[in-house]
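Architecture and fold: a report
Below are the chains, spelled out letter by letter.
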Number of protein chains: 6
Amino acid sequence: MPVVNISLYAGRTAEQKAALALAVTKTISETAGIPDSATTIIFSDVEKTDWSIGGVMASEG
Amino acid sequence: MPVVNISLYAGRTAEQKAALALAVTKTISETAGIPDSATTIIFSDVEKTDWSIGGVMASEG
Amino acid sequence: MPVVNISLYAGRTAEQKAALALAVTKTISETAGIPDSATTIIFSDVEKTDWSIGGVMASEG
Amino acid sequence: MPVVNISLYAGRTAEQKAALALAVTKTISETAGIPDSATTIIFSDVEKTDWSIGGVMASEG
Amino acid sequence: MPVVNISLYAGRTAEQKAALALAVTKTISETAGIPDSATTIIFSDVEKTDWSIGGVMASEG
Amino acid sequence: MPVVNISLYAGRTAEQKAALALAVTKTISETAGIPDSATTIIFSDVEKTDWSIGGVMASEG
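Report on the accompanying structure. Please read these numbers as outputs of a predicted model, since none were measured by experiment.

With that settled, the discussion passes to the pairing of strand S1 (residues 3-9) of chain C. A large share of S1 of chain C lies buried, amounting to six of its seven residues. Inspection of the sheet shows strand S1 (residues 3-9) of chain B paired to S1 of chain C by five bridges, in the antiparallel sense. Residue pairing in the sheet places Ile6 of chain B in a bridge with Val4 of chain C of S1 of chain C. Looking at chain direction, S1 of chain C and strand S2 (residues 40-46) of chain C are connected through seven bridges and run parallel. The residue bridging Val4 of chain C from the neighbouring strand is Ile41 of chain C, located in S2 of chain C. The handedness of the S1 of chain C to S2 of chain C crossover, carried by helix H1 (residues 14-32) of chain C, is right-handed.

Written out as structure tokens, the structure reads:
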């Protein structure tokens, strides 16, 4: 606890996602008093052809 | 608001998903009075080897 | 197939969600050629105190 | 983009979740170079009677 | 790893969900060779007024 | 009903996932009295570079 799912556009490197996961875990720890070890984060890379905002695919925006 | 996740079998083209996203966004707008711009849709392509109904993979059905 | 999850602000009535589910199912059928019977939709009511956009809770917007 | 779902034990106050949402949004912005306005966060409160780790409900741990 | 989300109709007791969580965890362990301690299961109770199959709410079926 | 999402590390074969889906479906049936045909399972393969526990990517653990 907690389990965090982060859906974002594909294209981030493994290093960028590792840095983001660490930073989010630390932020949760500091803000909510939850130990680092309790936080699981799962990234979902989403292609812009799979993401629509306002009826327009992000690949067309 | 809203966020819509649509899991469906892999194989639709980007054009088909774009048409579906637009149509679903319009339907939500017309039915629920939510402006188009507020609707986010994320498609998840699922391989039939990852989808089971009644204990049988869709790839075997 | 497909499975559709729709997260939206709490407050819609059961009748409104029923109408929305039917309309979205029909739209998927007509746009993507998927029979009505294959579509599952699950609504998740989300309180505005549980939904943040740009770091601001929807309850404060 | 991104959409972040955070499932955590029920019991946090609206104020605590607001603070957490703001902090996570800022962290994503600073770490990944994503503007605050692009980040949506949805909290799911999960009762300990609905959360199992290693086959044991969190309510029994 | 793994994280399992189970959405089902509301109405199961805490005891029934505990039994189900334990049984699913054991099944994953025995079938996939994953230690019990690695499996997290989160139940989502869904009202029948929030679940549509084929355009018909489960509450009307 | 129910819909089960299983997120696990990528690398299982289609055969392994088929066996796991069947076993979990049977377990739900036997434990909760839900007919096999009502259970849908969707697997999400997650790369270890997309999965963080305690701020450390599974690929680095």
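Residues and elements named next belong to chain A. Scanning all chains against the criterion turns up six aromatic pairs over all chains. Relative to Trp51, the ring of Tyr9 has its centre 5.1 Å away and its plane inclined at 80 degrees; by these criteria the two rings are edge-to-face. Here Tyr9, found in strand S1 (residues 3-9), pairs with Trp51, found in strand S3 (residues 51-53); they are 42 residues apart in sequence, far enough to count as distant. The pair formed by Tyr9 and Trp51 is uniform in burial state, with each residue classed as buried.

Moving on, we come to the sheet that holds strand S4 (residues 56-57) of chain A. The strand order across the open sheet formed by eight strands is S4(A)-S3(A)-S2(B)-S1(B)-S1(C)-S2(C)-S3(E)-S4(E), and the pairing between neighbours is mixed. With one partner strand each, in any of the chains shown, S4 of chain A together with strand S4 (56-57) of chain E form the two edges of the open sheet. Helix H1 (residues 14-32) of chain B contacts S3 and S4 of chain A together with S1 and strand S2 (40-46) of chain B of the sheet and is inclined by roughly 140 degrees relative to S2 of chain B. H1 of chain C rests against S1 and S2 of chain C together with strand S3 (51-53) and S4 of chain E of the sheet, and its axis sits at about 140 degrees to S2 of chain C.

On to the sheet that holds strand S1 (residues 3-9) of chain F, then. Within a beta sheet, neighbouring strands are joined by backbone hydrogen bonds and run either parallel or antiparallel to one another. The mixed open sheet is built from eight strands, whose spatial order is S4(B)-S3(B)-S2(F)-S1(F)-S1(E)-S2(E)-S3(D)-S4(D). Strands with a single pairing partner mark the edges of an open sheet, and in this sheet they are strand S4 (56-57) of chain B together with strand S4 (56-57) of chain D. Here three bridges tie strand S3 (residues 51-53) of chain D to strand S2 (residues 40-46) of chain E, and the two strands are oriented antiparallel to one another. Paired with Ser52 of chain D across the bridge in S2 of chain E is Ile41 of chain E.

Moving on to the interface of chain E and chain F. Chain E puts 20 residues into the contact, and the matching count from chain F is 20 residues. Connecting chain E to chain F are zero salt bridges. Seen at the junction of chain E and chain F, the total is six residue pairs in polar contact (both at pLDDT 80 or more). Where the side of chain E that touches chain F is concerned, the elements lending two or more residues are strand S1 (3-9) and helix H1 (14-32) of chain E. Among the elements that line the side of chain E that touches chain F, the one with the most residues is H1 of chain E, at eight residues. Broken down by class, the residue content of the side of chain E that touches chain F amounts to 15 nonpolar, four polar and one charged.

The N-to-C vectors of H1 of chain E and helix H1 (residues 14-32) of chain F enclose an angle of 155 degrees; their axes lie 9 Å apart at closest approach. As the angle between them shows, H1 of chain E and H1 of chain F are arranged roughly antiparallel. In the packing of H1 of chain E onto H1 of chain F, the handedness of the crossing is right-handed. Of H1 of chain F, the residues touching H1 of chain E (which contributes Ala19, Leu20, Ala23, Val24, Thr27, Ile28, Thr31 and Ala32 of chain E) are Ala19, Leu20, Ala23, Val24, Thr27, Ile28, Thr31 and Ala32 of chain F. A breakdown of the residues in the contact of H1 of chain E with H1 of chain F according to their chemical character gives twelve nonpolar, four polar and no charged.

Residues and elements named next belong to chain D. Between its first and last C-alpha atoms helix H1 (residues 14-32) spans 26 Å; for 19 residues at 1.5 Å apiece the expected length is 27 Å, and the two agree. When H1 is considered as a whole, its buried residues turn out to be Lys17, Ala18, Leu20, Ala21, Ala23, Val24, Thr25, Thr27, Ile28 and Ala32. Positive backbone phi, approximately 70 degrees, marks Gly33, located one or two places after H1.

With 40 residues, the main nonpolar core has Phe43 and Trp51 of chain E together with Phe43 and Trp51 of chain F as its most contacted residues. For this core, the secondary-structure elements that each account for two or more residues are S1, H1 and S2 of chain E together with S1, H1 and strand S2 (40-46) of chain F.

Inspection of every chain in the model, using the stated rule, returns 18 salt bridges over all chains. Of the charged contacts in the structure, one is a salt bridge between Asp50 of chain B and Lys17 of chain F, with a shortest N-O distance of 2.6 Å. With Asp50 of chain B in the loop between S2 and strand S3 (51-53) and Lys17 of chain F in helix H1, the pair connects residues from two separate chains. What you see here is one network of salt bridges that share partners, running through Lys17 and Asp45 of chain A together with Asp50 of chain F.

This paragraph deals with unusual backbone geometry. With omega at -10 degrees, the peptide bond leading from Met1 of chain A into Pro2 of chain A counts as cis. Looking at the secondary structure, you find Pro2 of chain A in the segment before S1.

Our focus in this paragraph is the relation of the copies chain E and chain F. One copy of the chain maps onto the second through a rotation about an axis and a displacement along it. Superposition of chain E onto chain F requires a rotation of 180 degrees combined with a translation of 0.0 Å along the rotation axis, giving an RMSD of 0.0 Å. The symmetry that links the two subunits is that of a two-fold axis. Taking the C-alpha atom as reference, chain E places Asn5 of chain E closest to the rotation axis, 2.6 Å from it. Looking at the interface residues of chain E, 100% of them are also at the interface in chain F, so both copies use one shared face.

Definitions and cut-offs
- Residues numbered from 1 in each chain as written.
- Chains lettered and ligands numbered in written order.
- Predicted model: local features only at pLDDT ≥ 70, side-chain atom pairs only at ≥ 80, totals over all residues.
- Heavy atoms only, no water.
- Buried < 20%, exposed > 50% of the residue type's maximum accessible area, 1.4 Å probe, protein only.
- Helix = DSSP H or I, 4+ residues; strand = E, 2+ residues; numbered from the N terminus.
- Pairing = 2+ DSSP bridges.
- Right-handed = clockwise from strand over helix to strand, strands pointing away.
- Phe/Tyr/Trp six-rings, centres within 6.5 Å; stacked < 30°, edge-to-face > 60°.
- Contact = heavy atoms within 4.5 Å.
- Axes fitted to C-alpha atoms, helices over the stretch in contact; angles between N-to-C directions.
- Salt bridge = Lys/Arg side-chain N within 4 Å of Asp/Glu carboxyl O.
- Polar contact = N/O pair within 3.5 Å; in protein donor to acceptor, adjacent residues only side chain to side chain.
- Nonpolar A, V, L, I, M, F, W, Y, C, P; charged D, E, K, R; others polar.
- Parallel < 35°, antiparallel > 145°, perpendicular 65-115°, else oblique.
- Left-handed = near helix turned anticlockwise from the far one by under 90°.
- Expected span 1.5 Å × (residues − 1).
- Core = buried A, V, L, I, M, F, W, Y, C linked by side-chain atoms within 4.5 Å.
- Least-squares fit on C-alpha atoms with pLDDT ≥ 70 in both.

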